[in-house]
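Structural characterization, general
Listed below, chain by chain, are the residues.
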Amino acid sequence: MGVTKSFGSGAIIAHVLRGIDLTVERGEFVYLSGPSGSGKTTLLSIIGCVLRPTTGEIWLGDTELGKIKESQLARFRLEQIGFIFQGHNLLGAINAEENVAFPLRLRGWSTGKALATAREMLHKVGLGERLKHLPEQLSGGQRQRVAVARALAGSPPFVFADEPTASLDAQSGLKVTEILRTLAKEQGCTVLMVSHDSRVFHLADRILHIEDGLIIPQTEHAA
Amino acid sequence: MSRYLMLFSLSVSMLIHGKLKTIGALAGILFAILLAGQQLAALGGATYQAELFQAKANPDLWILPQGVKLLGEGRPLPETIRPRLLAIDDVKSVEPVVVGASEVLGKNGKRESVTVVGIERDAEGLGPWNLVSGEREALHLPHAVIVEDSFRERTGSTNVGSIREIGGHEVRVVGTTWGMLTWLPQFAWTNPQTARLILGMPERDVSFFVVRLNNPEMAAEVQQKLQRMLPEVEVLTHKEYSARVHHYVLVDAGAGAILLVSAVVGLFVGLVIVSLMMYTSVNDSIREYGAMKAIGAGNGDLAILVMMQGLILGIVGSFIGGAVISWIPTMMRAPNVIMLMDLGTVVQLCLLMIVICIVASFASVLRLRKLEPAMIFR
């Protein structure tokens, strides 16, 4: 509520978010679209707890993010949020299975349980045959599917995706988004996805448009 | 535990994945260990050489002119004190030794420094050691010498029976030693009379005495007794004299400082190389680290991850380096180059290198502490 974010100070201050009021229902699959520089990635960073707002209140479920200490934010992200980045940002030194198991093992899961869950997730995203492949041995679409599996493996209540289809061709982009939507719905997970890829808009429950740091509600889909 | 195992396994994978940088870092560690190891081996060799005579002779007590560090220094002692020493209870034997610097006329008329050592026929355990030709008994013939064969190239023939000139006096070679190299110039062993003749010392003067006791455990007690009886000389236990020589080589003569500084420089170079390699590696993968932070890895996790890489590099590099430097003394073995590296020193050097590698990761840890997870969205 009333979220603002400014960078810089004095004469060179930039007001990137200028009072965002936004509510996303539990289990919703929401797109956030808008032109470059409109503030959508900044908003995602703030909701994703990797950036603090200048003013305003943000609630993720029952937790007000402003009340979480800096030292506890990493743990909160680990347990509550799954991320999918624009570039897949998988760890290049380890294989697909280990990449998916990474956040689970950070949470303290046993190796066996984490790897079993990782394998299950990779099967679900259609990469059951690519468990031991390094990211560099996978195509762009496959890497992004591994990123989807990694984001959802620990069944986090929230998944935030930053233009995950931006570097993919139409078919791969559609497939990745469909998989993300299907799995998120299965797990009852709330997804906020930054995208201006109109090819996948039909998969959203709701599309929010952001411009000049303000949200303009546009369309609703009955998916 | 699973978390630490995962971070360890990820560290190994990252090192294998970035193999060129890993090889570069390992080369840096190897270089540092070799440089430091070579200097420490040289220091070990210098210490060994400085104490060689003392260690081989290994008496219970030394009777020396005041303040003597290296053998042959100081004003000679009168041999007349020998009966007084022998009169003390517990004293088993007192052997006089005449030592001094001279020159041997070498090849092409060039003179080489020698240390003339005169010992009595029945002196117990007083060299010449490492005898490879000739007989010790022959040493007590007039003008007989036993010389170091490894200096043959510089001093000319050392064949038994050959005639050499030491200190302007003709002497006959009756035997040779091999590898008897000390801090002093090469030894030329002879009898006390010939030694005095070469060194121009008065009859019945000696350089020092070595004393053996019936009961070596009484050394401290007898030392006090002798010191009271002979205040003009210095009576030292074997341990005290070895420590004095050790201190002289390492501190007074500056050899220790020079070699230790070189060893420290070697280790510092290793620190810089490993630190730079790790920092570059972290910078090259900065988006991966950013992703880890965004996903929920804390600063502590990333610090452990990077320090584990330092630890692994240190262990692997030290293992290889330790194996190589253990061979240094063998590889560089020559009669006039003594390199000594005991297992304890190798282990200590390797442990130090491991610590250095962990320290080398600190720059990368600091870089990651400042890394904003939001960078992953840019």
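Residues numbered from 1 in each chain as written. Chains lettered and ligands numbered in written order. Predicted model: local features only at pLDDT ≥ 70, side-chain atom pairs only at ≥ 80, totals over all residues.

Moving on to the interface of chain B and chain A. Facing the 21 residues of chain B at the interface are 25 residues of chain A. Residue assignment for the side of chain B that touches chain A shows that the elements contributing at least two residues are helix H1 (2-17) and helix H10 (286-295) of chain B. With eight residues, the single largest contributor to the side of chain B that touches chain A is H1(B). Tallied by class, the residues present in the side of chain B that touches chain A amount to 12 nonpolar, five polar and four charged. (Contact = placed C-beta atoms within 7 Å. Helix = DSSP H or I, 4+ residues; strand = E, 2+ residues; numbered from the N terminus. Nonpolar A, V, L, I, M, F, W, Y, C, P; charged D, E, K, R; others polar.)

Here we take up the nonpolar core. If you look at the biggest cluster of nonpolar residues, it comprises 171 residues, and the most contacted ones within it are Val148(A), Leu152(A), Val159(A) and Ile63(B). Considering every element that reaches this core, the biggest residue donor is helix H2 (residues 19-50) of chain B, with 13 residues. Look past the residues within four positions of Val159(A) in its chain and what remains in contact with it is Gly82(A), Ile84(A), Ala151(A), Leu152(A), Ala184(A), Cys189(A) and Val191(A). (Core = buried A, V, L, I, M, F, W, Y, C linked by C-beta atoms within 7 Å. Buried ≥ 20, exposed ≤ 12 C-beta atoms within 10 Å, placed from the backbone.)

Before going further, it helps to spend a moment on unusual backbone geometry. One non-glycine residue, Ser155(A), lies in the positive phi region at around 50°. In this structure, Ser155(A) sits in the loop between helix H5 (140-152) and strand S7 (158-162). Among the residues examined, Ser155(A) registers 13 C-beta atoms within 10 Å and is labelled partly exposed. In this structure, Asp90(B) takes a positive phi of about 80° despite not being glycine. In this fold, Asp90(B) is placed in the loop between helix H4 (81-86) and strand S3 (91-105).

Residue and element names in this part refer to chain B. Turning to its location among the elements, Leu-213 is positioned in strand S11 (residues 208-213). As a C-alpha pair, Leu-213 and Leu-85 span 128 residues in sequence and 11 Å in three-dimensional space. Excluding anything up to four places from it in sequence, Leu-213 contacts Asp-60, Asp-90, Val-91, Lys-92, Met-218, Ala-219 and Val-222.

The next subject is the environment of Ser2(B). Residue position: Ser2(B) is located in helix H1. With 18 C-beta atoms counted inside 10 Å, the residue Ser2(B) sits in the partly exposed group. Each residue touching Ser2(B), except ones within four places of it in the same chain, is listed here: Arg105(A), Gly108(A), Trp109(A), Ser110(A) and Thr111(A).

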